[in-house]
There are 2 protein chains.
Amino acid sequence: MSLLTEPRSETVDLGPAAALSCRECGQRYPLSPIFACTDCFGPLEIAYDLPTGQPEELRRRIEAGPNSIWRYAPLLPVPADVAGKPNLNPGGTPLVRADRLAAELGVTGELHVKDDSGNPTHSFKDRVVACAVEAARAFGFTTLSCSSTGNLAGAVGAAAARAGLRSCVFIPHDLEQAKVTAAAVYGGELVGIEGSYDDVNRFCSELIGDPAGEDWGFVNVNLRPYYAEGSKTLAYEICEQLGWRLPDQLVVPIASGSQLTKIDKALRELIALGLVEDKPYKIFGAQAEGCSPVSQAFKAGQDVIRPVRPATIAKSLAIGNPADGPYVLDIARRTGGAVEDVTDEQIVAAIKLLARTEGIFAETAGGVTVGVTRKLLEDGVLDPSLTTVVLNTGEGLKTLDAVSPTTSPTAVIRPDLDAFRAAGLG
Amino acid sequence: MSLLTEPRSETVDLGPAAALSCRECGQRYPLSPIFACTDCFGPLEIAYDLPTGQPEELRRRIEAGPNSIWRYAPLLPVPADVAGKPNLNPGGTPLVRADRLAAELGVTGELHVKDDSGNPTHSFKDRVVACAVEAARAFGFTTLSCSSTGNLAGAVGAAAARAGLRSCVFIPHDLEQAKVTAAAVYGGELVGIEGSYDDVNRFCSELIGDPAGEDWGFVNVNLRPYYAEGSKTLAYEICEQLGWRLPDQLVVPIASGSQLTKIDKALRELIALGLVEDKPYKIFGAQAEGCSPVSQAFKAGQDVIRPVRPATIAKSLAIGNPADGPYVLDIARRTGGAVEDVTDEQIVAAIKLLARTEGIFAETAGGVTVGVTRKLLEDGVLDPSLTTVVLNTGEGLKTLDAVSPTTSPTAVIRPDLDAFRAAGLG
């Protein structure tokens, strides 16, 4: 098992990344392709030597950087020359001031949507995969791999193509043709596994422990500590786009929970580095009712997440046993936030609300965050007078099927003006 | 007919736009929602008062502007405060240094792909529609409209939603559900017309001349002179991204031909303004064989475009009677370029080549430009030693059907290591 893999090198250059550190017991390990503590089996994350005590210089350095996540290279586990290597240069996505959405929701403060559909393969996964690619290069992996049913497959295929790495993506054998096409087009290996998504994951774990997988970087398994850090850039960008200011409230989707925990980590880093004023912020987690184990635990006041079998249109959030769920509960409680869920109907209504008011066509995960935002406002949990940022982490074109059943032309008419007027359109 | 419409105002503020000017006879008109010369029926375009004689100041002003097309507001028919109005802020899309594609094509100079799938609705149409929206505001139009079978429908729906304008998009009644959904989601009127796309267009022309259409801005009809200028920003961005340098060769898709003519116009403006060095450049036009009237005319050495009935998978380029075709021929000949076409099979192969080498999943129009680039290199028409920019104007997720028949998993296996090895994957 990779848990026992010896570190490949103690001198890898991943910029400010100093070591791996166990989130549970604090045990430190040299930077290497491992993901769990050999002592307590807790998850490993990156420990940094960050450039403290010089906020003005750091801010200038960031602002002079490229319009991509690499402007934050001094805060990421990547080499300093990362932007010069062939990669998809994700990030730099719009923070949209959503005044029309705010008006409909009764928000009187600033409401913003962080629209991550602007990434190269149109989801936030490009951020995390870009960091995994740098770790793969550092550790000498020649094949980039993952299991996926959607966004991650395309992100890995595209990133490997640009970087000149081999890729091998594992999918359930019965995945829809549209998703197969969107992953296969990048020309890497795409392997259908006869079985469920759980079978795919079990097989990947087996492969990591086998000599056949020796030179393979699984972005969200043996490269997970590096990969996960990419989500920090969402928070960095939001604060910089707000004029180096913390939002008061953030609404973040929960799949594994990793993204939400990294956003919290990034906000605390910005405070510690003096890049933003130290003031309270609240983080709210959003789930689909059909896969809401964290929301259920939050509402029940429990610390333990009870796994569920997902049944929701929000497939990119459909993780029934979210690894970082307990940390999400901690963060929601510590910051004074909450975790809430919405039904599939509310998700579709929220997708349409966001599209109608702001011209942003979100994937189902964006419907979850906007729907939860609406619900939390109605319930008086979100404060409508504060500065709130809602995340849209993907593109509506990828989940057309969720919206299609409820969309149709408003009218169908003969091509003449009488018919036009008769339809009440004139 | 709108040809005879009196100018609404002689004092509209559209920044440096001074007047409309007939491309054929030079007759000038005040800025107004008209699109053809009343004297000779030639197309109208924008005449500017541009800030000549101060290139360093203009360059600094542009570089200090937002990361969207609005950094070029001093060169566009838009008010100076345009970036502060609610709009989709298109542009700022990546110019990708395509070294791996270059290696496969035998290009020894710099090869770049301008990837316009990074726009808000993932095609270059966001650029032109954003300019049309400003004209609509200036002329007091309350409804934004167009006929469309694809990219434009979404771009107009989204832009109107963000701007708080009503929208009404006309489509053939038998459009595929996926395209209906991607247009209808923005909540504007979406009207199916019983008939062909030509019937849709005829009906729109009727509506423009009718009192019912009085407050309607049809982005590519009565707002066309303003709309078309948005394409200039592709050329501005390319040159700025090259370090204020003209490329030697550009490969541009041809639908109506408008985009190619505006790119040429923009390059000449940059030279005239002193923003780039005055040196030769060549523009190459790209069509699909199944809709190649301009390519046919170019190869036959003719000046007249013979209309065709389109039959190609590159539907966003399927205009059988391209209005700006004669101007495209002029430009290709004047600059020493060419016009070429590729088969549907070559388009699909080129989409896959670009995805495999650079991780860019282009729509069919991008397959056309990459395919034509390959063909022109093989034929010795493009010089492989020069700096070449190839345009990808849209997103592969929108034309999945073109690629799906030729994509499948590379293998389907049982979830065990023996099967993995037996498939030759280990």
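In this text, all values refer to a predicted model and were calculated from it rather than measured experimentally. Here the residue index of a chain counts from 1 through its sequence in written order. A letter from A marks each chain and a number from 1 marks each ligand, given out in the order of writing. For a predicted model such as this one, the threshold for reporting local features is a pLDDT of at least 70, and the threshold for listing and counting side-chain atom pairs is 80 or more; totals across whole chains, interfaces and linings nevertheless cover every residue.

Some remarks on the overall build of chain A
Phase 1 of the analysis: Secondary structure summary: chain A contains 15 helices and 14 strands in total.
Phase 2 of the analysis: Across the 426 residues that make up chain A, the buried fraction comes to 58%.
Phase 3 of the analysis: Placing C-beta atoms from the backbone, we regard two residues as in contact once those atoms come within 7 Å. Within chain A, residue pairs in contact and separated by at least 24 positions form 68% of the contacts whose partners lie at least 6 positions apart. Only DSSP runs of H or I with at least four residues qualify as helices, and only runs of E with at least two residues qualify as strands; both kinds are numbered from the N terminus onward. The burial label depends on the number of other C-beta atoms within 10 Å of a residue's C-beta. Counts of 20 or more mean buried, 12 or fewer mean exposed, and intermediate counts mean partly exposed, with C-beta atoms placed from the backbone.

Some points on the domain arrangement of chain A
Residues and elements named next belong to chain A.
Phase 1 of the analysis: Where each domain begins and ends follows an automated or database-derived domain assignment. The domains assigned to chain A are domain 1 (95-120 + 228-406) and domain 2 (142-222).
Phase 2 of the analysis: Taking the mean C-alpha position of each, domain 1 and domain 2 sit 27 Å from one another.
Phase 3 of the analysis: Each side of the interface is counted separately: domain 1 has five residues, and domain 2 has four residues.

What to know about the sheet that holds strand β7 (residues 166-172) of chain A
Phase 1 of the analysis: Note on pairing: two strands pair once DSSP finds at least 2 bridges between them. With parallel pairing, the five strands of this open sheet are ordered in space as β9(A)-β6(A)-β7(A)-β8(A)-β14(B). Both edges of this open sheet fall to β9 (216-218) of chain A together with β14 (411-413) of chain B, since each of them pairs with a single strand only. The average angle at which neighbouring strand axes cross in this sheet is 25 degrees, direction not considered.
Phase 2 of the analysis: With three bridges connecting them, strand β8 (residues 189-193) of chain A and β14(B) associate as parallel partners. By the bridge assignment, A:I193 is partnered in β14(B) with B:I413.
Phase 3 of the analysis: Axis definition: a line fitted to C-alpha atoms, over the contacting stretch in the case of helices. Angles run 0 to 180 degrees between N-to-C directions. In the packing of helix α3 (residues 125-139) of chain A onto the sheet, contacts are made with β6 (143-147) and β9 of chain A, and the angle to β9(A) comes to roughly 155 degrees.
Phase 4 of the analysis: In the packing of helix α6 (residues 197-208) of chain A onto the sheet, the strands contacted are β6, β7, β8 and β9 of chain A, and the crossing angle to β7(A) comes to about 145 degrees.

Quick look at the relation of the copies chain A and chain B
Phase 1 of the analysis: Only residues with pLDDT of at least 70 in both copies contribute their C-alpha atoms to the least-squares superposition of the copies. The two copies are related by a screw motion: chain A maps onto chain B through a turn of 180 degrees and a shift of 0.0 Å along the axis, at an RMSD of 0.0 Å. Read as a symmetry element, the transformation amounts to a two-fold axis. Closest approach to the rotation axis among the C-alpha atoms of chain A is made by A:G118, whose C-alpha sits 2.9 Å away.
Phase 2 of the analysis: Of the residues that chain A buries at the interface, 100% are likewise interface residues in chain B, meaning the two copies contact each other through the same surface.

Examining unusual backbone geometry
Comment: phi is negative for the bulk of residues other than glycine, and the bulk of peptide bonds are trans.
Residue and element names in this part refer to chain A.
Phase 1 of the analysis: Positive phi outside glycine occurs at F41, with the angle close to 65 degrees.
Phase 2 of the analysis: Take F41: it is sitting in the loop between β2 (28-29) and β3 (44-48).
Phase 3 of the analysis: The phi angle at H122 is positive, at roughly 70 degrees, despite the residue not being glycine.
Phase 4 of the analysis: With respect to the secondary-structure elements, H122 resides in the loop between β5 (111-115) and α3.

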